[in-house]
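Results of the structural survey
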Amino acid sequence: MITHPAFSVEPWAITEEGVHLEVLAQSESVFALSNGHIGLRGNLDEGEPSGLPGTYLNAFYETRPLPYAEAGYGYPEDGQTVVNVTNGKLIRLLVDDEPLDIRYGEVLHHTRTLDLRTGLLTRQVCWRSPSGREVEVRSIRLVSFVQRSVAAIRYEVRGHDGAPLRVVAQSALTANEPGPPRSADPRAAEVLAAPLMAEEQELHHARAVLVHRTRQSGLRMAAGMDHLIDGPDRTVTVSDIAPDLARVLVSCELPPDGSLTLTKYLAYGWSSRRSLPSVRDQVDAALASANRAGWDQLVSRQHEYLDDFWERADVEIDGDGELQQAVRFGLFHTLQAGARAEQRAIPAKGLTGPGYDGHVFWDTESFVLPVLTYTAPHAAADALRWRHSTLRLACERGKQLGLEGSAFPWRTIRGQECSAYWPAGTAAFHINADIADAVLRYLRATGDEEFGRGAGLELLVETARLWRSLGHHDAAGVFHIDGVTGPDEYSALVDDNVYTNLMAERNLRNAAELASRHAAEAAALGVDDEEIAAWRDAAAAMHVPYDERLGVHPQDADFLNHAVPDFSTFEYPLLLHMPYFQLYQQQVVKQPDLVMALMSRGDRFTADQKARDFAYYEAITVRDSSLSACVQAVVAAEVGHLELAYDYFGEAALMDLADLEHNTRDGLHMASLAGAWIAAVVGFGGARDSRRGMMFRPRLPAALARLCFRFMWRGRRLRVEVRHPQVTYELLEGEPVDIFHGDERVRLAEGAPQTRHWTPPVPGPEPVQPPGRAPARRRQR
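Computed from a prediction, not measured in an experiment: that's the story for all the values here. (Residues numbered from 1 in each chain as written. Predicted model: local features only at pLDDT ≥ 70, side-chain atom pairs only at ≥ 80, totals over all residues. Heavy atoms only, no water.)

1. Points about the overall build of the protein
Secondary structure summary: the protein contains 17 helices and 31 strands in total. Here the protein has a C-alpha radius of gyration of 27 Å; the compact-globule value for 781 residues is 28 Å, and the two agree. Considered along the principal axes of its C-alpha atoms, the protein spans approximately 90 × 60 × 55 Å. For the protein, the residues scored as buried account for 63% of the 781 residues in total. Counting contacts in the protein only where the partners sit at least 6 residues apart, residues at least 24 apart contribute 67% of the total. Only carbon and sulfur atoms are counted for the fraction: they give 48% of the accessible area of the protein, which is about 27,400 Å². (Helix = DSSP H or I, 4+ residues; strand = E, 2+ residues; numbered from the N terminus. Rg over C-alpha atoms; globule rule 2.2 N^0.38 Å. Buried < 20%, exposed > 50% of the residue type's maximum accessible area, 1.4 Å probe, protein only. Contact = heavy atoms within 4.5 Å. Areas by Shrake-Rupley, 256 points an atom, 1.4 Å probe, with all protein chains shown as cover.)

Here it is as structure tokens:
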């Protein structure tokens, strides 16, 4: 598999020089633009060539039957797949009757740049046609953070050879684009053939709207375009429309010093309930609003929105320009995934590609929301409110499984379980505790009492009910949770998975506390003192296995009894080369599970236990998941292996820019992009939220001279700057607040930064990875 050869290293931009068709699909993912509602892959303006065409609306999906050779009770019947909706990015160009196509003629210059400060994707191409005519095209694309339903393109054409030039620009809306053939990789998406049925078409000169409906899920969408055209005298514009295609054609003859400029406004909307006129009129109104704002205002407001984001969220790194770029790239795409999702899910690929069928997993609550909670808390709240909106479905699923409370789906778009494989799907009940944990984190970081006594309380109550009914007290009173799957997908249906048990324990304990605090609201949910006491009893009696002989925590009750394989014989990723039943029989870990517990529930482990556990599981973790590196970076830093943590930091941050999993073509890995922030802020910044407040135990690898990060905490803006061997804490905006440097309480007020010294942790046992699975070294040790 070829990785991208051409992204230049810049602190605030991703630039691709030249044409690299062999990695075109990867570039399309990297250059994708989104606001959480609309997603436009970074396809070329002319539409061809393309690696994977894609335009997406959050939560707009088609259903399909899930096939089973042998069905069983409780198996989900239908899957959900994200739809490649009507494509409004297309602007084709004919140069003296020859189509601009970079596969033909000669590309004299080709550059694409994603500016992380402005949110603009800029393309500049100079092309010589097969007949020798030269043309220069400059396009700028944006998906508005401010106007949720709007995207826009500025497309400018100039002659390049000093002679008059005949050009025709064809701007289009097209539905039911053909996609690539079905991939054998289970991480890719199902292929849907023509999922959109035409309902209405509307054409008024240079404005067009197409309305479609999905065949099975019955969702309705509308896509519209409008244009401002600035060209030489005798520029002619014509338009036409069909059920799946609307076109505006602009033809002119460019004088040697002349240009043709199209400003194309796009609008999208969808609904599962509203009528055709309502959805169509929503798009018409969005187009009118875009026209009123104009291109310059859309651009300036985009810049202002991002200025505000970077002022509260930026991470600065001195000593590694590649990581500086990658961390900001990750933050930008994490923001894009959720900024205007507004009570819809944040999929594992965001809206950058169709990978995993556009599903949301536990990744959202465990990796993406920690970043948004401290940098864009409104987006985190919206994501949690989306989960709350699916609570009825989760409780129905729990009832179907014979359980009380909520059984949230392992993978979904709308809220129904879409995993056809029970052991690595529904059995991963830990997602319920992950959702509860995201609620707790949000409440601690924001103090949002309205959310806490409303949606937050209900989510904690129903997830606590699940654990109380799923687990049991043994004869000695110890509480066990059996037959579940933890984060490690190479183990399944185990008893007393440590991560699951500890996260459930926190869920139960905090549900009891929140229900007691909001007694009236809890009573309305049917919670009484007896139920609260049962949650507290289960939490206090939760079993956490420990192996005295090896001095480590087993991943689950029986894990250390499994065979240790010969890793030198493996071909990776194992999920594509080995049957799952063999994986389940061995001590081989796909992604951190026990080590995830060390990060998420570090309060339940001693420093010595963390060091010993980390060393043991490093030797059997093969990192076949993009979720691995950031977790290993955090724990490696905490147990004193700072250079190893630095290596894992690099892997998490560069997951997509370097295409390390060889599937960036299907969309970006949102959890790993967010994980770069986690590795920096939680790993090296040592940031932890606690009942007392924000706590920091900073440390830096030798290669990094400085780490500085900004974040939000209870309406305040703070800044932490780590250097060797000191750290400075600063309150940038807001009322005075206490934070903790280690165990020392530090009072922060505006204009009075506080500096403290830090010492690196004493390294634990030296970890060794399976053969060939160590992270790439960022420097010689």
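2. Some details on the sheet that holds strand E28 (residues 726-733)
Sheet architecture is open: five strands sit in the order E21-E26-E27-E28-E31, paired in antiparallel fashion. This sheet does not close on itself; its edge strands, each paired only once, are strand E21 (315-318) and strand E31 (754-757). The average angle at which neighbouring strand axes cross in this sheet is 15°, direction not considered. Pairing geometry for strand E26 (residues 706-713) and strand E27 (residues 716-723), over eight bridges, is antiparallel. When the bridges of E27 are listed, Met 712 appears paired with Arg 717. (Pairing = 2+ DSSP bridges. Axes fitted to C-alpha atoms, helices over the stretch in contact; angles between N-to-C directions.)

3. Some thoughts on the packing of aromatic side chains
One pass over the structure, following the stated rule, counts 25 aromatic pairs. Consider the rings of Phe 60 and Trp 270, whose centres lie 5.7 Å apart with planes at 75°: the pair is edge-to-face. Here Phe 60, found in the loop between strand E5 (55-57) and strand E6 (61-65), pairs with Trp 270, found in strand E20 (residues 259-271); they are 210 residues apart in sequence, far enough to count as distant. One exposure class covers both Phe 60 and Trp 270, and it is buried. Taken together, a centroid distance of 6.2 Å and an interplanar angle of 70° make the contact between Trp 362 and Tyr 499 edge-to-face. Pair noted here: Trp 362 is in the loop between helix H3 (321-338) and helix H4 (363-375) and Tyr 499 is in helix H9 (residues 498-517), with a separation of 137 residues, a long-range link. Accessibility classification places Trp 362 together with Tyr 499 in one group, the buried group. (Phe/Tyr/Trp six-rings, centres within 6.5 Å; stacked < 30°, edge-to-face > 60°.)

4. Concerning the sheet that holds strand E3 (residues 33-34)
Taken together, three strands build an open sheet; the order of strands is E3-E4-E5 and the sheet is antiparallel. If you trace the sheet from one side to the other, it starts and ends with E3 and E5, each paired once. Direction of pairing for strand E4 (residues 38-40) relative to E5: antiparallel, over a ladder of three bridges. Within E5, the residue paired with Ile 38 across the bridge is Leu 57.

5. Quick look at the pattern of salt bridges
Within this structure, the stated rule accounts for 61 salt bridges. Measuring nitrogen to oxygen at the nearest pair gives 3.0 Å for the salt bridge that ties Asp 45 to Arg 123. With a gap of 78 residues between them, Asp 45 in the loop between E4 and E5 and Arg 123 in strand E11 (residues 120-128) connect regions that are remote in the sequence. Accessibility classification places Asp 45 together with Arg 123 in one group, the buried group. With a closest N to O distance of 3.1 Å, Arg 747 and Asp 738 form a salt bridge. (Salt bridge = Lys/Arg side-chain N within 4 Å of Asp/Glu carboxyl O.)

6. Focus on helix H14 (residues 607-618)
Here H14 is twelve residues long and its end C-alpha atoms lie 17 Å apart, about the 16 Å a rise of 1.5 Å per residue gives. The inward-facing, buried residues of H14 abut helix H13 (594-600), helix H15 (628-638) and helix H16 (642-653). (Expected span 1.5 Å × (residues − 1).)

7. Some points on the pairing of strand E29 (residues 737-741)
Strand residues, when the strand is regular, have side chains that alternate between the two faces of the sheet. With four of five residues buried, E29 is to be regarded as a mostly interior element. Across two bridges, the pairing between strand E25 (residues 694-696) and E29 is parallel. Counted as the bridge partner of Met 695 is Phe 740 from E29. For E29 and strand E30 (residues 744-748), the ladder comprises five bridges, and the chain directions are antiparallel. If you follow His 741 over to E30, its bridge partner there is Glu 744. Between the end of E29 and the start of E30, which pair antiparallel, lie two residues, with Gly 742 showing a positive phi angle near 65°.

The values reported here are purely geometric and, on their own, carry no functional implication.
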